[in-house]
Amino acid sequence: MIDHLYSVRMRSARHGKHVSGAERLVSAGAIDGTVHDLVARAMNKEKGFDTITIQVESLGNSPLRLLSALDVCSLGIQDYLTGRAAALRLLQGAGVGSMAVERAMELIANGASPGGGNMRGAMIMDAQTGERFEPETDRGVRVSRFDWTPEAREDAGRTLSRLGMAHYRTPEALALATKVCNAPGVRAELCWSDDPEYTAGYVASLGMGYVRFSFLKKAGDEKGGRAIFVDRGSFDLKSLLHYLQRQPVLINAVGVCRNCDGGDFENNLLRPVLAE
Ligand code: COA
Ligand code: AMP
């Protein structure tokens, strides 16, 4: 049985700019230790901080959704252009039009907020035309109230580390993508980080799972972002925003995780996606 849960959220900032953020869904007994871990994480960031903000909030009677994590496939590639080309093919296979993918990639690469900077959240885009639906184009939508169960977190950490994905970002991004791809009307997601040191990125959908590329951008590039592709006919913006931002989701099982090479990509990843 799952205890009453609390959302514990941390964000830190320096010179008025966001530096780091993380969140957990935990029972009352784990709040103390979680706050400690999240504060330690903010303090360990090289960029430092002026403020660390912690919020602890009871989830009340919000219905909890339990999900299994997307399967994971990690593709080691040599450069970001190869990564983006492979990401485009996979997204097309998942039913996202090339116009939408190209628009998303161009926006993320150049800064998708109106001033040309990074957004504070994700774009929501028509999966065919790339039209944007998020209410504020500088903020976007921030996916929140999701986490692993303690057992699944441990399993995910162990499994991903064994495959060479030991970075703390991978299980967090996998959890976020799992929540996103399980939303009604969502076809797929594309992401690369705005951290200049972190070149990896991913595409994800329910059908293809979470496909990680070692490069979706050049090292040193400060631009990054997320695009959530939706089917115009089968999504409702208000419900989607509520689900992504407020609906608590706990991930209680790890999927099949593997590394894949070029042949594996063509035969086992792209072909089944195209056949869907
Ligand atoms: N980039 C820039 N600014 C951010 C930010 C981000 N990623 N996250 C928060 N902020 C700043 C903004 O100024 C924001 O105001 P806004 O709503 O007008 O944009 C302000 O902080 C408050 O944000 P809010 O989301 O209300 O704070 P919160 O304390 O409830 O939650 C986070 C903060 C960072 C924990 C949450 O937004 C989040 O991103 N959770 C997911 C974390 C995660 O696992 N990410 C995985 C990525 S691999
Ligand atoms: P990150 O992986 O944390 O470097 O984030 C990459 C990009 O995703 C950021 O530049 C934001 O545009 C966006 N983003 C950050 N946090 C969230 C979130 N919680 N939900 C959706 N998008 C986010």
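Refer to the structure above for everything that follows.
A brief structural summary. (Residues numbered from 1 in each chain as written. Chains lettered and ligands numbered in written order. Predicted model: local features only at pLDDT ≥ 70, side-chain atom pairs only at ≥ 80, totals over all residues. Heavy atoms only, no water.)

### A few points about the sheet that holds strand β1 (residues 5-14)
Across a sheet, paired strands are connected by hydrogen bonds in the backbone, their directions being either parallel or antiparallel.
Then, number 1: Ordered in space as β2-β1-β3, the three strands form an open sheet in which the pairing is antiparallel. Across the chains shown, the open sheet's two edge strands, defined by having one partner strand only, are β2 (17-27) and β3 (51-58). With direction set aside, neighbouring strand axes in the sheet form an average angle of 15°.
Then, number 2: Sitting on the sheet, helix α1 (residues 31-43) is in contact with β1, β2 and β3, with an inclination near 160° to β2. (Pairing = 2+ DSSP bridges. Helix = DSSP H or I, 4+ residues; strand = E, 2+ residues; numbered from the N terminus. Axes fitted to C-alpha atoms, helices over the stretch in contact; angles between N-to-C directions. Contact = heavy atoms within 4.5 Å.)

### Describing the site of ligand 2
Then, number 1: In the region of ligand 2, 14 residues are neighbours, and Met-119, Gly-121, Val-143, Ser-193 and Asp-194 sit closest.
Then, number 2: Ser-193 is positioned such that a nitrogen or oxygen atom in its side chain is 2.7 Å from an oxygen atom of ligand 2.
Then, number 3: Residue Arg-226 places a side-chain N or O atom 3.0 Å away from an oxygen atom belonging to ligand 2.
Then, number 4: Against a free-state accessible area of 480 Å², the protein chains account for coverage of 81% of ligand 2.
Then, number 5: At the level of secondary structure, the elements contributing two or more residues to the shell around ligand 2 comprise α5 (169-181) and β11 (225-230).
Then, number 6: Along the lines of polarity and charge, the residues of the shell around ligand 2 split into six nonpolar, four polar and four charged. (Near = heavy atom within 4 Å. Polar contact = N/O pair within 3.5 Å; in protein donor to acceptor, adjacent residues only side chain to side chain. Areas by Shrake-Rupley, 256 points an atom, 1.4 Å probe, with all protein chains shown as cover. Nonpolar A, V, L, I, M, F, W, Y, C, P; charged D, E, K, R; others polar.)

### Quick word on the sheet that holds strand β7 (residues 146-148)
Then, number 1: Strands sit in the order β4-β12-β7 across an open sheet of three strands; the sheet is parallel. Both edges of this open sheet fall to β4 (65-68) and β7, since each of them pairs with a single strand only. Here the strands of the sheet are splayed against their neighbours by 30° on average, with no regard to which way each runs.
Then, number 2: Of the pairings in the sheet, the one linking β7 to strand β12 (residues 249-253) comprises three bridges and is parallel in character. Counted as the bridge partner of Asp-147 is Leu-250 from β12.
Then, number 3: Across the sheet, α5 is in contact with β4, β7 and β12; its angle to β7 comes to roughly 125°.

### With respect to the site of ligand 1
Then, number 1: The environment of ligand 1 is made up of 15 residues, and the closest members are Arg-9, Glu-23, Arg-120, Arg-139 and Arg-142.
Then, number 2: Contact between ligand 1 and Arg-139: an oxygen atom at 2.9 Å from a side-chain N or O atom of the residue.
Then, number 3: Take Arg-142: an N or O atom from its side chain is 2.9 Å from an oxygen atom of ligand 1.
Then, number 4: Here ligand 1, which alone exposes 910 Å², has 73% of that area covered by the protein.
Then, number 5: Only β1 and β2 provide two or more residues apiece to the shell around ligand 1.
Then, number 6: Sorting elements by how many residues they give to the shell around ligand 1 places β2 first, with four residues.
Then, number 7: Of the residues assigned to the shell around ligand 1, the class counts are five nonpolar, three polar and seven charged.

### Focus: the environment of Glu-189
Then, number 1: Within the fold, Glu-189 resides in strand β8 (residues 186-192).
Then, number 2: Under the relative-accessibility criterion, Glu-189 is labelled buried at 0%.
Then, number 3: Separated by 62 residues in sequence, Glu-189 and Ile-251 have C-alpha atoms that sit 18 Å apart.
Then, number 4: Those residues within four positions of Glu-189 in sequence are excluded, and the remaining contacts are Leu-91, Leu-176, Ala-177, Val-180, Tyr-202, Val-203, Ala-204, Arg-226, Ala-227, Ile-228 and Phe-229. (Buried < 20%, exposed > 50% of the residue type's maximum accessible area, 1.4 Å probe, protein only.)

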